[in-house]
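Tertiary structure, described
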Amino acid sequence: MSILLWGLIRDQPMSAVLTHLRRLDAPVHFLDQRQVLETTVEVDGGRTSRTVVTVAGETFDLGRVHAAYLRPHDSTQLPGLRARAHSSPEWRHAAEVDQVLNAWSDRTAAYVLNRPEAAAGNASKPFQLRAIAGAGFFVPPTLVTNDPDQVAEFIRMHGDVIVKSVSGVRSRVRRVRSTDKLADVAACPTQFQRRVPGTDVRVHVVGVEVFAAEVDSDADDYRYARALGHRDPVLTAIDLPPEVSVRCLDLARRLGLPVAGIDLRRTPDGEWYCFEVNPSPGFTYYESKTGQPIAAAVAGLLAAAALCKERAR
């Protein structure tokens with residue numbers, strides 16, 4: 001066994017990558033989070049550190065893993081667990097399995113898409129913006145605050161302003177309205193940015209491959225276009241200017257993300273802004289709309305990495 005997949009089979013990116021790996025006849029083991037209560041992880045911290053996973057009586061050694069694709073959800077929030085008390089043996093067991101496997105993912109010599117420590121940068125959008133600017137993209141004027149007076153001044157300076165979460169928790173991006181109660185930000189630091197006019201472009205980086213999709217939508221957040229009463233977005237595969245592709249590759253490298261979803265906007269003047277980077281992108285939506293072979297690229301990257309690791313042994 002040389003390729004490990006960890007997550008939920010109903011998760012579309014996970015299922016798509018698993019399908020392509022099987023088509024490649026690659027040696028793959030799928031670690032299903034639905035079986036977390038039947039899963040145990042033993043760590044031998046001796047001279048030769050060894051981590052062994054047992055699921056429903058079947059045991060395998062993580063030392064045999066040469067490549068891994070990780071899209072774990074919080075096991076404590078799975079059906080049958082989310083309603084349990086945090087002190088219950090079942091809840092604690094699920095949390096501990098997640099903790100140990102995440103620690104292994106950060107320390108293993110295997111090629112990992114993506115390591116949890118790299119993905120953790122998504123928890124701070126200001127941290128990401130520093131890497132984005134360092135890669136050469138324009139960044140809109142940004143304010144993170146819980147001071148209503150600062151928000152009012154920011155709106156006065158920039159006029160058209162959008163609001164979004166400052167963390168990695170998914171939120172709906174929208175314009176600030178005159179009816180918004182700015183005093184509410186006192187309860188939680190919030191991110192505000194000057195709205196940038198232009199066309200959204202979603203980029204997926206997979207190793208050294210770049211897949212770009214132009215998004216035609218009149219919604220502030222095209223992901224929720226229908227829910228907001230707008231028409232469905234139209235996605236078209238495009239080729240980026242070479243220098244923009246290079247910036248995307250550099251940005252993914254800076255963040256330690258072999259696989260990344262990058263949100264760009266091209267202004268009418270041809271300037272390229274970047275808003276954020278998703279370390280665990282749900283690329284199957286874009287693949288279904290554009291026909292871009294993103295899942296196949298992820299599977300190919302895993303298979304090639306596993307083969308290289310095996311030959312190097």
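This text gives an overview of the structure that appears in the document. For every chain, the first residue of the written sequence is number 1, and numbering continues from 1 along that sequence. Local features are withheld for residues below a pLDDT of 70 in this predicted model, meaning they are given only at 70 or higher, and side-chain atom pairs are given and counted only at 80 or more; totals for whole chains, interfaces and linings count all residues. In computing side-chain properties, one takes all heavy atoms of the structure into account and sets aside hydrogens as well as water.

Right, let's get into the overall build of the chain. The number of helices and strands found in the chain is eight helices and 16 strands. Here the C-alpha radius of gyration of the chain, 21 Å, is about what a compact globule of 313 residues would show, namely 20 Å. Taken along its principal axes, the extent of the C-alpha atoms in the chain is 60 × 50 × 40 Å. Every one of the 313 residues in the chain was classed for burial, and the buried ones make up 45%. Contacts are residue-level and defined by heavy atoms, with any inter-residue pair within 4.5 Å sufficient. Considering only intrachain contacts with a sequence separation of at least 6, the fraction spanning at least 24 residues in the chain is 66%. The Shrake-Rupley method, run with a 1.4 Å probe, gives the accessible areas here. Residue values count only the displayed protein chains as cover. Put simply, the chain shows about 15900 Å² of open surface, and 50% of that area lies on carbon and sulfur atoms. Numbering of helices and strands runs from the N terminus, with a helix taken as a DSSP run of H or I at least four residues long and a strand as a DSSP run of E at least two residues long. The size measure is the radius of gyration over C-alpha atoms, and the globule rule it meets is 2.2 Å times the number of residues to the 0.38 power. Exposure is judged per residue with a 1.4 Å probe applied to protein chains only, and the accessible area is read against the type maximum: over 50% gives exposed, under 20% gives buried, and values in between give partly exposed.

Any two strands with at least two DSSP-identified bridges between them are counted as paired. Strands sit in the order β14-β13-β12-β15-β16 across an open sheet of five strands; the sheet is antiparallel. Across the chains shown, the open sheet's two edge strands, defined by having one partner strand only, are β14 (234-238) and β16 (272-278). On average, each strand axis in the sheet is inclined to that of its neighbour by 25°, with strand direction left out of account. Alignment of strand β13 (residues 209-216) against β14, held across five bridges, turns out to be antiparallel. Each bridged residue has a counterpart across the sheet, and for Ala-213 the counterpart in β14 is Ala-237. Packing of helix α6 (residues 242-254) onto the sheet brings it into contact with β12 (199-206), β13, β15 (259-266) and β16, and relative to β15 it is tilted by some 135°. Only the stretch in contact is used when a helix axis is fitted, and all axes are lines through C-alpha atoms; the angle between N-to-C directions ranges over 0 to 180 degrees.

What follows is about the side chain of Gln-33. Along the chain, Gln-33 turns up in the loop between β2 (28-32) and β3 (39-44). For Gln-33, a relative accessible area of 2% corresponds to the buried category. Setting aside chain neighbours within four positions, we find Gln-33 in contact with Trp-6, Gly-7, Leu-8, Arg-71, Pro-72, His-73, Ser-75, Leu-78 and Asp-98.

Here we come to the nonpolar core. Grouping buried Ala, Val, Leu, Ile, Met, Phe, Trp, Tyr and Cys residues that are joined through side-chain atoms within 4.5 Å yields what is termed a nonpolar core. Grouped together as the largest cluster of nonpolar side chains are 25 residues, with contacts concentrated most on Leu-5, Val-17, Tyr-69, Val-298 and Leu-302. Contributions of two or more residues to this core are made by β1 (3-7), α1 (12-23), β6 (67-70) and α8 (294-312). Tallying contributions element by element places α8 first for this core, with nine residues. Contacts of Leu-5, omitting those with residues within four sequence positions, involve Met-14, Val-17, Leu-18, Leu-21, Val-28, His-29, Phe-30, Leu-31 and Tyr-69. In terms of nonpolar packing, the next biggest core, distinct from the first, is built from 23 residues, Val-203, Val-205, Cys-248 and Ile-262 among them.

Read these as layout, nothing more, since geometry by itself doesn't imply function.
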